Amino acid sequence: MSSCIWLPATRPRRGRDAVSPGRLLAIAFKEILQVWRDPRSLAIALLMPLMQMVMLGYGVSLDIRHVPLCVFDQENSQTSRAVAQRFVAAGWFAASARLGSDQAVHEAMDRAACIGAAVIPADFSRRLDSTGGSPLQIVFDATDANTTNIAIGYAQGVVALISNQLEARWAAAHGGPATRAGMVDLEPRVWFNEGLESRYFIIPGVVAVILALVGAQLTSLTVSREWERGTMEQLISTPVTPFEVMAGKLLPYFLIGIFDAAFCLLAARFWFAVPFRGDFATLLITTALFLIVVLAIGYLISVRVRSQLGASQVALLVTMLPTTLLSGYTFPIDQMPAPIRALSLMVYPRYFVTILRAVFLKGSGLAGLIGPVLGLVAYAVVVLWLAGRAFHKRLD
Amino acid sequence: MSDSAGPAVLAEGLSKSFGTFTAVDRLDLAIAPGEVVGFIGPNGAGKSTTIRMLSALLRPTAGRARVAGFDVVREANQVRAHIGYMSQTFSLYGSLTVAENLRFFAGIYRVPPAMFEARRRFAIAMAGLEGREDALVSTLAGGWKQRLALGCAILHRPPVLFLDEPTSGVEPEARRLFWELIHRLAAERVTILVSTHYMDEAEYCNRIALIDRSRLVALGSPGTLRRRELGGTLLALPCAPLGAALAALRDAPGVAEAAIFGDRLHVLLAAGGLSADDLPAFLTARGVSSGAARPIDASLEDVFVHLVAGHAAAARA
Ligand SMILES: Nc1ncnc2c1ncn2[C@@H]1O[C@H](COP(=O)(O)OP(=O)(O)OP(=O)(O)O)[C@@H](O)[C@H]1O
Ligand SMILES: [Mg+2]
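None of these values were measured; they are calculated from a predicted model. (Residues numbered from 1 in each chain as written. Chains lettered and ligands numbered in written order. Predicted model: local features only at pLDDT ≥ 70, side-chain atom pairs only at ≥ 80, totals over all residues. Heavy atoms only, no water.)

### Some thoughts on the pairing of strand β3 (residues 36–40) of chain B
Looking along a regular strand, one sees side chains alternate from face to face of the sheet.
Residues and elements named next belong to chain B.
Here is step 1 of the chain: With five of its five residues buried, β3 lies for the most part within the structure.
Here is step 2 of the chain: Judged by which residues are buried, β3 turns out to be covered on both faces: Val-36, Gly-38 and Ile-40 on one side and Val-37 and Phe-39 on the other are all buried.
Here is step 3 of the chain: When β3 meets strand β8 (residues 191–196), the two strands line up parallel, connected through five bridges. Within the sheet, the bridge partner assigned to Val-36 lies in β8 and is Ile-192.
Here is step 4 of the chain: Strand direction decides the pairing type here: β3 and strand β9 (residues 207–212), joined by four bridges, are parallel. Residue pairing in the sheet places Phe-39 in a bridge with Ala-209 of β9. (Buried < 20%, exposed > 50% of the residue type's maximum accessible area, 1.4 Å probe, protein only. Helix = DSSP H or I, 4+ residues; strand = E, 2+ residues; numbered from the N terminus. Pairing = 2+ DSSP bridges.)

This is how it looks when you write it as structure tokens:
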């Protein structure tokens, strides 16, 4: 080095712990470079949403065969027996028992001897012959909502087949097409889980789970990585403020999170064909809120647990456990015991799952979602406050 | 305040306990602006703990300290704005390039954009990394890493520098280069407290603070320490066999310490016992052949061995 340009010491500005956008951006930019060059973080940021979307998204629509089905044939005619046989013939259902009373149906379902019961009314063939149509009831135990969803789909398929055949027979006998579309009306009755909708119901929950998982995983590494590599000691020896560290570290992951959210939501809409009836602004605002909550939770864990492995495991626990168990993604909340229902109020993914379903399926806007949105806001405020306080610029 | 004529670093009764263990015990230290003070002591003596308290990274359990005129507890962030710190473990970002690390720390220290380019060039030149601005820091060898870390730590031109073993694990040539940088900074009146395990580096300091078992046991210039701290005359005594000579001298009147140094003994004589001229006769009488005893300058190593041994004895008593 030829010339020594030792400039006179500049006096650092005296502004007392004022937030410096420059410092905040320096941290954010550094964080982006680190993630970009860290295969593990990159995989979590970009690959995990894809893999989870495939795994969880298709997990709910796994091909389930031989669903145990009981039959309560109140008529016991040739036609009704043929109909019952059709369910088994398709290979989707396995006939486990023929039952003789409502009481027996209840007992069989309680014993889990079957998860569905086809109830053929006593006037089944008479109504078919006279009016050209008859209701057929299938009762489902929806404790396992996934299986039930799929079983309902199968039942609808079977009933459509039966309808077609009966229609053809009716046309041949009466010399003309049936007046009503569909000879047999399937009336799926869902026990323990009234009003269960299709798997459209589940995909938005999957999106929430993925965002919680990925968001918290990413930020759980951000502070613990610096403790592990020794860079934190250097960082806290500078005038950087805890708020700048938090905001600077959350910002890049927020952008990644928005990217992942866009990916998952587009997949939900166009790949899994979940109808989207809501508006984009509501989706964006609520998704951003949810991301802030999960990112701040991950950050909080990262500050508290100073090893990357430990932090990522704790993050996995506090995101996966509550989201899958309590968010209503698999188990509808209404059907849970009251104490657990109360507990699930504390669980942030619940709000987002509710919001996503409403925005997607019902087309709800912010105003209609004031409850869960306020729940998320409260969560965000509390978690950010805790996270902001958790970080100390001391080694002890 | 920071620009007054007072000491740049002032510690009074500075102490740190971890539970019941005292890592630093009532340390007093004043460092004048522009002074280079070497912090020497065995492993676990409390060097890093002291430096961390002065850098506002650890809260003292007793005593107080001011750095650049600011209290390390009450004005911690002012202290942080006025110091450069290099921790004992390398702590730049390995997955960032040389230029990216510099830009990051310039951002963190709020180096005005108008000054950044000049300081960046200065730091790169200082580290000898011209042309390697885009190399990932993890790919650099030790000496370059450490010089770059120093470059990052002074981007904001702090008046006080705390360097915790900046040359450990670095080859001798790189160590020499690093000390050249330290002296260049000192010439600009930067105050520097630097810890080291290398005795030869202690000689480069204006003053040396020797810390042992959490206590400051000596403080002074290398020359002063050599002259004063031994409390006697150091002699080189060629003799054979060395083992027998050592055993004989251990109980001799006036011999404070004796140790083997190569083919001779170093003997420390206190006043009031044997004199230098008596030694050959004393040994010959005990069956050891001996040449004439010659007074020598103590090395700092002699002094530290002496001080640490004395401190250990005092601790046992
Ligand atoms: N956070 C801590 N908790 C408990 N004990 C600690 C802590 N930090 C340091 N110590 C202990 O305090 C003593 C002094 O440690 P310190 O790191 O200051 O020594 P040092 O002089 O820097 O040693 P070295 O030359 O090995 O770096 C050691 O015994 C160490 O084990
Ligand atoms: Mg140390």
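### As for the interface of chain A and chain B
Quoted interface sizes are often the accessible area lost when the parts come together.
Here is step 1 of the chain: Counting residues at the interface gives 38 residues for chain A, matched by 51 residues for chain B.
Here is step 2 of the chain: Taking both sides of the interface into account, the surface hidden between chain A and chain B amounts to around 4300 Å²; carbon and sulfur atoms contribute 56%.
Here is step 3 of the chain: Where chain A touches chain B, the interface holds three salt bridges.
Here is step 4 of the chain: The closest approach of N and O atoms between A:Asp396 and B:Lys16, which form a salt bridge, is 2.4 Å.
Here is step 5 of the chain: Linking chain A with chain B are 14 residue pairs in polar contact (both at pLDDT 80 or more). (Contact = heavy atoms within 4.5 Å. Buried area = accessible area lost by both parts, 1.4 Å probe. Salt bridge = Lys/Arg side-chain N within 4 Å of Asp/Glu carboxyl O. Polar contact = N/O pair within 3.5 Å; in protein donor to acceptor, adjacent residues only side chain to side chain.)

### Let's talk about the site of ligand 1
Residues and elements named next belong to chain B.
Here is step 1 of the chain: If you check the shell around ligand 1, you find 14 residues, and the closest are Gly-44, Lys-47, Ser-48, Thr-49 and Gln-88.
Here is step 2 of the chain: The contact in question runs from an oxygen atom of ligand 1 to an N or O atom on the backbone of Gly-44, over 2.8 Å.
Here is step 3 of the chain: Separating an oxygen atom of ligand 1 from a side-chain N or O atom of Lys-47 is a distance of 2.8 Å.
Here is step 4 of the chain: Elements with a minimum of two residues in the shell around ligand 1: β2 (21–31) and α1 (47–54).
Here is step 5 of the chain: It is α1 that provides the largest number of residues to the shell around ligand 1, a total of three residues.
Here is step 6 of the chain: For the shell around ligand 1, a count of residues per class yields five nonpolar, seven polar and two charged. (Near = heavy atom within 4 Å. Nonpolar A, V, L, I, M, F, W, Y, C, P; charged D, E, K, R; others polar.)

### Regarding the packing of aromatic side chains
Here is step 1 of the chain: For the structure on display, the rule yields seven aromatic pairs over all chains.
Here is step 2 of the chain: Ring geometry for A:Phe290 versus A:Phe352: centroids 4.2 Å apart, planes at 10 degrees, classification stacked. You can see A:Phe290 sitting in helix α10 (residues 280–304) and its partner A:Phe352 sitting in helix α13 (residues 348–362), a full 62 residues away along the chain.
Here is step 3 of the chain: For A:Phe290, a relative accessible area of 0% gives the class buried.
Here is step 4 of the chain: A relative accessible area of 0% places A:Phe352 in the buried class.
Here is step 5 of the chain: Ring pairs connect the aromatic residues B:Tyr93, B:Phe104 and B:Phe105, which therefore count as one cluster. (Phe/Tyr/Trp six-rings, centres within 6.5 Å; stacked < 30°, edge-to-face > 60°.)

### Section: the domain arrangement of chain B
Here is step 1 of the chain: What the domain assignment reports for chain B is domain 1 (9–226) and domain 2 (233–297).
Here is step 2 of the chain: Placing the centre of domain 1 of chain B and that of domain 2 of chain B at their C-alpha centroids yields a distance of 42 Å. (Domains from an automatic or database assignment.)

### Digging into the coordination of the magnesium ion (ligand 2)
Residues and elements named next belong to chain B.
Here is step 1 of the chain: Of the protein atoms, only Ser-48 (OG) and Gln-88 (OE1) coordinate the magnesium ion (ligand 2), at distances of 1.9 to 2.2 Å. Taken together, the positions of Ser-48 in helix α1 and Gln-88 in the loop between β6 (83–86) and α3 (98–108) put the pair 40 residues apart, joining distant regions of the chain.
Here is step 2 of the chain: Note on Gln-88: relative accessible area 34%, which makes it partly exposed. (Donors = N, O, S within 2.8 Å, 3.2 Å for Na, K, Ca; no water.)

### As for the pattern of salt bridges
Here is step 1 of the chain: Inspection of every chain in the model, using the stated rule, returns 25 salt bridges over all chains.
Here is step 2 of the chain: Residue B:Glu75 is joined to B:Arg66 by a salt bridge in which the shortest nitrogen-to-oxygen separation is 3.9 Å.
Here is step 3 of the chain: For B:Arg66, a relative accessible area of 25% gives the class partly exposed.
Here is step 4 of the chain: B:Arg121 is paired through a salt bridge with B:Glu117; the nearest N and O atoms lie 3.3 Å apart. With B:Arg121 and B:Glu117 both in helix α4 (residues 113–127), this residue pair falls four residues apart, about one helical turn.
Here is step 5 of the chain: Residues joined by salt bridges that share partners form a network here, namely A:Lys30, A:Glu31, A:Arg225, A:Glu226 and A:Lys249.

### Focus on the sheet that holds β2(B)
Sheet strands pair by backbone hydrogen bonding; their relative direction is either parallel or antiparallel.
Residues and elements named next belong to chain B.
Here is step 1 of the chain: The strand order β2-β1-β4-β5 describes an open sheet built from four strands, whose pairing is antiparallel. Strands at the two margins of the open sheet, each flanked by one partner only, are β2 and β5 (70–71).
Here is step 2 of the chain: In terms of strand pairing, strand β1 (residues 9–18) meets strand β4 (residues 62–67) through five bridges, oriented antiparallel. Bridging from a neighbouring strand, Leu-10 pairs with Arg-66 of β4.
Here is step 3 of the chain: Along the sheet, α1 contacts β1, β2 and β4; its crossing angle with β1, the most-contacted strand, is approximately 120 degrees. (Axes fitted to C-alpha atoms, helices over the stretch in contact; angles between N-to-C directions.)

### Remarks on the confidence of the model for chain A
Residues and elements named next belong to chain A.
Here is step 1 of the chain: When pLDDT is averaged across chain A, the result is 79; 80% of the residues are at 70 or more.
Here is step 2 of the chain: When pLDDT is averaged over each element of chain A, helix α1 (residues 21–37) comes out on top at 95 and strand β5 (residues 184–191) at the bottom at 59.
Here is step 3 of the chain: Between residues 192–198, whose pLDDT stays under 50, and residues either more than four places distant or in other chains, the model counts 18 contacts. (pLDDT = per-residue confidence, 0-100.)

### A few points about empty space enclosed by the protein
Here is step 1 of the chain: As enumerated under the stated definition, the model contains three cavities of 30 Å³ or more in all.
Here is step 2 of the chain: Approximately 60 Å³ is the volume attributed to the largest cavity.
Here is step 3 of the chain: Split into classes, the residues belonging to the lining of the largest cavity amount to four nonpolar, five polar and no charged. (1 Å grid on protein atoms, 1.4 Å probe; cavity = no way out; pocket = protein on both sides within 12 Å on 5 of 7 lines; lining within 4 Å. Points joined across faces, edges and corners; volume = space filled by probe spheres on them.)

### Points about the environment of B:Pro112
All names here are of chain B.
Here is step 1 of the chain: One can find Pro-112 in the loop between α3 and α4.
Here is step 2 of the chain: Relative accessible area serves as the criterion here: at 24%, Pro-112 is assigned to the partly exposed category.
Here is step 3 of the chain: For the pair formed by Pro-112 and Leu-269, sequence separation is 157 residues and the distance between their alpha carbons is 60 Å.

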